[in-house]
Amino acid sequence: MKSLFELTKVEFKLTLRNFPVAFFSLVFPVLMVLMFGGIYGNKPDPFFGGHGTVDIMVPSLVGAIIAVTGLMNLPLTIAGYRERKILKRFMATPISPYYVIVSQVTVNFATTLIGLLLLAIVGKLVFDLHYLAQGPAFILAFLLSIFSIFSFGFLIASVAPNAHAATAIANLVYFPMLFLTGATIPLEVMPKIMVKISKILPLTYAVDLLKNTWLGNKVSYLQDVLVLAVILIVSLVISLFTFKWEYE
Amino acid sequence: MVVEVRSLCKNYGSVRAVDGISFDVKDNEIFCMVGPNGAGKTTTIECIEGLRKPDSGEIRVLGLEPYREKEKLYQLIGVQLQETSYQDSIKVWEICQLFSSFYKNPLSYEELLKKFELYEKKNSYVSKLSGGQRQKLSIILALIPNPEIVFLDELTTGLDPQARRSMWTFIKGLREEGRTIFLTTHYMEEAEYLSDRVAIMYHGHIVALDTPKNLIEKSEIEEKIIFEADVQNTEDLKSVNGVSNVQINKGTITVYGRGKDLLTNVVNHLQSKGINYRNLQTKTPNLEDVFLKLTGYKYEEDKSEITI
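Notes on the structure follow. No experiment lies behind these values; they were computed from the predicted model shown.

In this section: the packing of helix 1 (residues 2-17) of chain A against helix 2 (residues 19-40) of chain A. Residues and elements named next belong to chain A. Where helix 1 contacts helix 2, the axes come no closer than 5 Å and their chain directions differ by 80 degrees. Here helix 2 runs roughly perpendicular to helix 1, going by the angle between their axes. Only F19, V21, A22 and L26 of helix 2 make contact with helix 1, whose side of the interface consists of T15, L16 and R17. Tallied by class, the residues present in the contact of helix 1 with helix 2 amount to 5 nonpolar, 1 polar and 1 charged.

Right under this line is the structure:
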């Protein structure tokens with residue numbers, strides 16, 4: 001257990017030293033809130049069902065953070081470690097190679113959580129952010145979204161034949177999800193066709209669930225929960241059969 | 001015996017990478033597998049390290065079955081893999097401390113860094129180290145478990161001659177500490193200089209296994225003595241004890257023969273006959289000649305880097 005702790009500690013440091021990951025998961029979302037909050041403020045707006053811009057943006061941006069950690073950093077780190085034989089080097093030590101996976105999931109989970117806390121703190125201090133969730137609904141939504149999107153990211157690491165392919169797939173998945181799921185740009189401002197496209201992107205359901213639970217909206221969460229649960233299970237099952245520790 | 005290998009076979013698809021090899025490694029020796037790229041050295045060492053599952057055959061390392069008893073094994077052996085890299089932006093002390101946490105009784109990595117003259121690089125990023133420094137780090141990581149056996153796979157490949165020489169000194173030092181060293185290389189002169197015993201591998205087979213000295217002696221490859229002189233009659237020289245053949249080419253004479261007194265005998269003969277000789281040099285057979293004789297494979301041509 002000591003070795004798992006040490007590994008996670010080091011990997012967390014390395015994630016913070018990875019500029020694009022640290023910037024897009026911790027700094028960029030805060031900048032977005034400061035910018036749009038600065039323009040529109042956080043007054044109740046009928047366009048957003050009576051909620052303020054910042055109140056809508058914060059839970060949505062949590063979806064954007066999950067996309068950075070789960071769809072980019074997680075699969076690219078694992079695929080990279082495999083290609084560069086870092087995984088293999090760990091396999092020639094007494095630790096279980098699963099520690100590497102566990103530490104990566106933990107580190108990306110922690111990074112996402114810190115990103116959320118930074119958003120919440122800045123939102124509260126600058127724009128009087130409202131947290132309207134009923135009981136643990138948002139926390140459960142947060143956990144389900146993370147595990148579902150992380151599993152999808154892990155699937156990328158499992159099926160990609162090499163690190164180069166993993167990068168290509170991750171980018172293909174990440175960018176549409178960043179812009180077309182409501183994570184950064186509200187779906188409310190999009191034309192109907194874009195909203196239709198958003199329905200095939202897994203992150204849309206995470207963003208919708210995070211937003212509705214955060215705002216305490218009295219709507220059914222069933223569809224979002226079901227879609228995310230199916231993505232979680234299907235990704236894990238396929239990964240179980242396709243994941244390799246080493247490229248042949 | 002610290003390593004015992006019996007009839008080890010390993011295939012990749014239809015390619016038989018290792019074809020039924022058997023050998024032992026003795027306690028506290030430097031054992032070297034040498035051969036061209038693709039001979040099966042890395043496959044063999046990785047089967048012994050428990051990283052690959054043999055298709056058939058038996059392996060015991062310190063009495064353990066490597067593939068099945070990995071966790072125990074890795075407390076007792078140190079491993080350096082061919083072409084490993086390390087995480088982006090990790091620092092030297094961080095990776096050392098991380099590896100220390102994996103073992104029950106780790107050696108002090110600070111001491112190891114000092115010993116390998118890497119202490120001043122403690123706070124550097126691993127990615128900023130030179131090739132030689134990075135290989136030193138990979139030995140340090142292999143030594144942190146305080147291993148009984150150290151496995152070094154192509155440790156000096158890609159290093160400049162000076163860095164390679166310094167690596168050789170460190171490897172000899174490891175044996176003096178009582179460790180067993182199992183290394184692979186495709187440099188013949190490295191195998192000849194370092195090893196107590198050498199296994200020559202070719203196409204998945206061990207074609208010879210002995211001390212470098214015995215391999216050279218048993219190969220019966222002749223020594224060459226080359227000099228310039230005005231000699232017309234070679235019959236005299238041919239009668240010198242140990243000489244088997246003499247060739248003359250435009251004033252350059254090459255004498256072939258065997259025996260430890262060959263050079264003395266030839267020189268004495270020349271002096272007694274009052275023959276003036278110039279630019280005398282001898283060519284004693286080396287491991288590369290042995291390899292060429294055993295396999296018919298011209299070694300210098302092989303400069304490609306293929307990993308199996």
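Here we come to the state of the cysteines. All names here are of chain B. A full pass over the atoms with the stated rule returns 0 disulfides over all chains. Here C32 is not disulfide-linked; the sulfur of C47 is the nearest cysteine sulfur, at 18 Å. Classification of C32 by relative accessible area gives buried; the value is 1%. Here C47 is not disulfide-linked; the sulfur of C9 is the nearest cysteine sulfur, at 10.0 Å.

Right, let's talk about the pattern of salt bridges for a bit. Per the stated rule, a full pass over the model turns up 28 salt bridges over all chains. As a salt-bridge pair, A:D128 and A:K124 come within 3.3 Å of each other at their nearest N and O atoms. The partner of B:R6 in a salt bridge is B:D24, and the shortest N-O contact between them spans 2.9 Å. Highlighted residues: B:R6 in strand 1 (residues 3-12) and B:D24 in strand 2 (residues 15-25), separated in sequence by 18 residues. Via salt bridges that share partners, A:K88, A:E246, B:E46 and B:R52 belong to a single interconnected network.

At the junction of the two partners, chain A supplies 23 residues and chain B supplies 29 residues. Summed over the shared surface of chain A and chain B, the number is 5 salt bridges. Of the charged contacts, one joins B:R52 and A:E246 as a salt bridge, the two residues approaching to 3.5 Å between their closest N and O atoms. Connecting chain A to chain B are 10 residue pairs in polar contact (both at pLDDT 80 or more). In terms of residues, the side of chain A that touches chain B owes the most to one element, helix 1 of chain A, which gives 9 residues. Residue composition of the side of chain A that touches chain B, by class: 10 nonpolar, 2 polar and 11 charged.

The rules we used
- Residues numbered from 1 in each chain as written.
- Chains lettered and ligands numbered in written order.
- Predicted model: local features only at pLDDT ≥ 70, side-chain atom pairs only at ≥ 80, totals over all residues.
- Heavy atoms only, no water.
- Axes fitted to C-alpha atoms, helices over the stretch in contact; angles between N-to-C directions.
- Helix = DSSP H or I, 4+ residues; strand = E, 2+ residues; numbered from the N terminus.
- Parallel < 35°, antiparallel > 145°, perpendicular 65-115°, else oblique.
- Contact = heavy atoms within 4.5 Å.
- Nonpolar A, V, L, I, M, F, W, Y, C, P; charged D, E, K, R; others polar.
- Disulfide = S-S within 2.5 Å.
- Buried < 20%, exposed > 50% of the residue type's maximum accessible area, 1.4 Å probe, protein only.
- Salt bridge = Lys/Arg side-chain N within 4 Å of Asp/Glu carboxyl O.
- Polar contact = N/O pair within 3.5 Å; in protein donor to acceptor, adjacent residues only side chain to side chain.

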